[in-house]
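Inside the fold
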Amino acid sequence: MMERPLTQYINPLSPPLTLKEYQKVGGYAGVVKALKEMTPGEVTNLVKASNLLGRGGAGFSTGMKWGMVPMENDSKPKYLICNADEMEPGTFKDRYLLEGNPHQLIAGIIVASYAIQAQKAYIFLRWAYKKAETELHKALSEAYQAGYLGKNILGTGYNLEIVVHTSAGRYICGEETALLNSLEGKRAIPRTKPPFAVTTGLFGRPSVVNNVETLSWISHIVEKGADWFKGLSLTETGGTKLFGVSGKVKNPGLWELPLGVTIREILEEHAGGMLEGYGFRGLLPGGASTDFLIEDHLDVKMDFHTVAEAGSRMGTGTMIILDNKTCPVAFLRNIERFFALESCGFCTPCREGLPWVEKILTAIESGKGRMEHLDILKFQTRYMGPGNTFCAHAPGAAEPLQSGLNYFHDDFVNHIKQQKCPWKS
Amino acid sequence: MLSEEEKTEILKEVKQYPYPSAACIDALKIVQEHRGWVSDEAVKDIAQFLHLSNEDVDGVATFYSRIYRKPVGRNIILICDGISCMIMGYETIYEYISKKLSIQFGQTTSDNRYTLLPVSCLGDCDHAPAMMINNDHFNKLTLDKVDEILEKYK
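Sequence order as written defines residue numbering, which begins from 1 separately in each chain. The order in which chains are written sets their letters, starting at A; the order in which ligands are written sets their numbers, starting at 1. The predicted nature of this model means local features are confined to residues of pLDDT at least 70 and side-chain atom pairs, given and counted, to a pLDDT of 80 or more, with totals for whole chains, interfaces and linings taken over all residues.

Quick look at the overall build of chain A now. If you tally the helices and strands in chain A, you get 17 helices and eight strands. Atoms counted for the radius of gyration: C-alpha only. Globule rule: 2.2 Å times the number of residues to the power 0.38. Its C-alpha atoms give chain A a radius of gyration of 22 Å, within 12% of the compact-globule value 22 Å for 425 residues. Taken along the three principal axes of its C-alpha coordinates, chain A extends 75 × 45 × 35 Å. Two residues form a contact once the distance between their C-beta atoms, set from the backbone, is within 7 Å. Once local pairs closer than 6 in sequence are excluded, the contacts in chain A between residues at least 24 apart make up 71%. Elements are defined by DSSP. Helices are runs of H or I of four residues or more, strands are runs of E of two residues or more, and each kind is numbered from the N terminus.

Pasting the structure below:
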């Protein structure tokens, strides 16, 4: 039986484990071990050795990030922030962990905070996740009562407070530095980097921002070790990963599988293949801001570097399937409209480029397209590309567009030639 | 003027941060919870209380999609228009609700019972199409189900 450390105690049909129930199955063992037997530096080195890569989408080494935090005494206060602002279209993995096992996340936050010697942690939670909010508050009060949070935790002299900040909307809050501005009560506009958050973050203090899935691993890794973690995956990147599929498949859902599993296995064995009467045309492997992959790529292994080699990004690992009865132009219009709406408006290529792209896609889909529109769209993918914008928002929006224009070129041309959407009768 | 209740709740949030202005978003949410939406008057009240300018608070209020700067109905219907919900047919759900209530996105029924708004991906893509009404979440929507759900919100 394959190990599923993150989800083995999650049953969406029943409430999450209480603190006592979670302790009975070994929960919080990593917290006890870290705080009582290890120095902060040893915890960071262990996480570094495990090769845990950030599960929020960027895939940066978690231990390396922690290692950049200054550890001198005068560097306090410091902050640990859990990014629970899941809002990438097509992504529903953090919701599952937040609702299903909040204690696993809290244990991870305690160990991570200890490693960087933060005495305050914030959970930046998506407003829409009401059930997660209720469960988190319940779990936090249990953890305070049991002495895992508050002053002098487990008699070790270490103090930590965890605060839940429920957001007020906007996708850009998921961007690390925009999130920090939002936590400071400001408009969520990304900051200039450098300086990076690890030295100059929340309230100008050293801060680490980690994703829910990343933090959910930490207590397990401390308890069972770096080699155990590495052994869970089929590639050199350690661990399992939550993979999801949505769209016209037989069994849409979420599964914890080893990193390195092929797209085909996820799609065919777990999601059950396409629904009767629907054909596969392509997929976005990790949310709306990742490049399309097509049939040729079904044997690509789901891991950060292997998906990158195939010309896309693993992103959040939750795939969106494009079927043959959904118009690819309409699909892209939906995505680009989202990015246009969610642009913070600070830098020009993003603020102006995205609505322009949306207008052109709407024109093409409604039968008013011209061939030169395709050149404008292509230009926009470069104009909004990396290096021209203040953050990764517009470059992310350009990814599905550039690959969509390439793989579905004939569909674009048909819209323009027929002056209508071929999917509409 | 902020009510005593609003002040107490805002002060509780202020304690979570090193300085009061950091609680600006929490304050906006608290006032909205009490008054239904955030009026110009409410912006001024919060600014004064947190030692910010009116423009600062308005800048924050207008940035976030879940802060309402216009009056809304008693119940807010949020239909997910994310990509997975589009593939699974949110447009049919929207058209049905829109016709049934005679309002479009951004509008409120004349009896003030419902406001209809689109919302970005609700993170329930494997059970699409999804929507929220107030704080309640609904998924795998069908037209029959929608009728039943809407009835519950008076």
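This paragraph deals with the domain arrangement of chain A. Residue and element names in this part refer to chain A. Here chain A is described as being made up of domain 1 (19-231), domain 2 (243-323) and domain 3 (328-418). Boundaries between domains were set according to an automatic or database domain assignment. Measuring from the centre of the C-alpha atoms in domain 1 to the corresponding centre in domain 2 gives 28 Å. With 10 residues of domain 1 at the interface, the matching set in domain 2 holds 15 residues.

Right, let's get into the sheet that holds strand E3 (residues 161-166) of chain A. All names here are of chain A. Here, strands pair whenever DSSP counts at least two bridges between them. In spatial order, the strands read E3-E2-E1-E4; together these four strands make up an open sheet with parallel pairing. Looking at the sheet topology across the chains shown, the edges are occupied by E3 and strand E4 (207-211). Going across the sheet, the axis of each strand differs from the next one's by a mean of 20°, ignoring polarity. Inspection of the sheet shows strand E2 (residues 120-125) paired to E3 by six bridges, in the parallel sense. Of the residues in E3, the one forming a bridge with Lys120 is Glu161. The axes are straight lines fitted to the C-alpha atoms, using for helices just the contacting stretch, and the angles between their N-to-C directions are given from 0 to 180°.

Time to look at the interface of chain A and chain B. Listed as interface residues are 37 residues of chain A and, on the opposing side, 32 residues of chain B. Of all the elements in the fold, those that place two or more residues in the side of chain A that touches chain B are strand E5 (240-246), strand E6 (253-258) and helix H13 (328-342) of chain A. For the side of chain A that touches chain B, the element with the most residues is H13 of chain A, which contributes five residues. Gly counts as polar in this scheme, as do all residues outside two lists: the nonpolar Ala, Val, Leu, Ile, Met, Phe, Trp, Tyr, Cys and Pro, and the charged Asp, Glu, Lys and Arg. Of the residues belonging to the side of chain A that touches chain B, the class tally is 17 nonpolar, 11 polar and nine charged.

All names here are of chain B. Spatial strand order, E2-E1-E3-E4: four strands in an open sheet with mixed pairing. The outermost strands of the open sheet, each flanked by one partner alone, are strand E2 (114-119) and strand E4 (136-138). Neighbour to neighbour, the strand axes of the sheet diverge by 20° on average, direction disregarded. Looking at chain direction, strand E1 (residues 75-80) and E2 are connected through six bridges and run parallel. Bridge pairing links Ile79 to Pro118 in E2.

What follows deals with the packing of helix H14 (residues 348-365) of chain A against helix H16 (residues 393-407) of chain A. Residues and elements named next belong to chain A. At a minimum axis separation of 9 Å, H14 and H16 run at an interaxial angle of 25°. When the axis of H14 is compared with that of H16, the two are roughly parallel. The element H14 and its partner H16 pack so that their crossing is left-handed. Where H14 approaches H16, its residues Pro349, Cys350, Gly353, Leu354 and Val357 are matched on the opposing element by His393, Ala394, Ala397 and Leu401. Its residues placed into classes, the contact of H14 with H16 shows seven nonpolar, two polar and no charged. Note on angle classes: values under 35 degrees are labelled roughly parallel, values over 145 roughly antiparallel, values of 65 to 115 roughly perpendicular, and the remainder oblique. In this scheme the handedness of a crossing depends on how the near helix is turned from the far one: anticlockwise by less than a right angle means left-handed, clockwise means right-handed.

The next thing to look at is the packing of helix H2 (residues 29-37) of chain A against helix H9 (residues 212-224) of chain A. Residue and element names in this part refer to chain A. Look at H2 against H9: their axes get within 8 Å of each other, and the N-to-C directions meet at 65°. Considered as vectors, H2 and H9 are oriented roughly perpendicular to each other. Considering how the two elements wind past one another, H2 and H9 form a crossing that is left-handed. Listed contacts from H9 to Ala29, Gly30, Val31, Lys33 and Ala34 of H2 are Ile218, Ser219, His220, Val222 and Glu223. In terms of residue class, the contact of H2 with H9 is built from five nonpolar, three polar and two charged.

The next point concerns the pairing of E1 of chain B. All names here are of chain B. Counting other C-beta atoms within 10 Å of its own, a residue is labelled buried from 20 upward, exposed at 12 or fewer, and partly exposed in the gap between, with every C-beta atom placed from the backbone. Across the six residues that make up E1, a large majority, five, are buried. Relative to strand E3 (residues 131-133), E1 runs antiparallel, the two sharing three bridges. Residue pairing across strands places Ile77 opposite Ile133, the latter belonging to E3.

Let us now look at the nonpolar core. Only buried Ala, Val, Leu, Ile, Met, Phe, Trp, Tyr and Cys residues enter a nonpolar core, and they are joined through C-beta atoms within 7 Å. Membership of the largest hydrophobic core comes to 174 residues, with the highest contact counts inside it found for Ile81, Cys82, Ile109, Val111 and Ala121 of chain A together with Cys24 and Leu28 of chain B. Top element by residues in this core is helix H6 (residues 102-116) of chain A. It accounts for 10 residues.

Let us now look at the environment of Tyr19 of chain B. Residues and elements named next belong to chain B. Mapped onto the fold, Tyr19 is located in the loop between helix H1 (4-14) and helix H2 (24-35). Judged by local crowding, Tyr19 falls into the exposed class, with 12 C-beta atoms found within 10 Å. In the structure, Tyr19 is positioned 31 residues away from Leu50 in sequence and 9.1 Å away in space, judged by C-alpha atoms.

Further remarks concern the environment of Tyr114 of chain B. Residues and elements named next belong to chain B. Structurally, Tyr114 is set in strand E2. The class of Tyr114 is buried, set by 21 C-beta atoms lying within 10 Å. In this structure, the C-alpha to C-alpha distance between Tyr114 and Pro129, residues 15 residues apart in sequence, is 20 Å.

Attention now moves to helix H7 (residues 130-145) of chain A. Residue and element names in this part refer to chain A. Multiply 1.5 Å by the residue count of a helix minus one, and that product is the helix's expected span. Taking 1.5 Å of rise per residue, 16 residues should cover 22 Å, and H7 covers 23 Å from first to last C-alpha, within 8% of that figure. At its buried positions, H7 is contacted by helix H1 (19-24), helix H5 (93-100), H6, E2 and E3. Phi turns positive one or two residues past the end of H7, at Gly147, with a value near 85°.

Let's shift gears to H5 of chain A. Where burial is concerned, most of H5 of chain A is hidden: eight out of the eight residues are buried. If you check which residues of H5 of chain A are buried, you get Lys93, Asp94, Arg95, Tyr96, Leu97, Leu98, Glu99 and Gly100 of chain A.

All names here are of chain A. Cis geometry marks the peptide bond from Lys76 to Pro77, where omega comes out at 0°. Along the polypeptide, Pro77 turns up in the loop between helix H4 (62-67) and strand E1 (79-84). Cis peptide bonds are those with omega within 30 degrees of zero, and the linkage from Pro194 to Pro195 qualifies with 0°. As for its placement among the helices and strands, Pro195 is situated in the loop between helix H8 (176-183) and E4. In this structure, Gln117 is a non-glycine residue whose phi angle is positive, near 60°. Along the chain, the position of Gln117 falls in the loop between H6 and E2. Its 20 C-beta neighbours within 10 Å are what place Gln117 among the buried residues. The backbone of Leu154 sits at a positive phi, close to 55°, despite the residue not being glycine. Within the secondary structure, Leu154 sits in the loop between H7 and E3.

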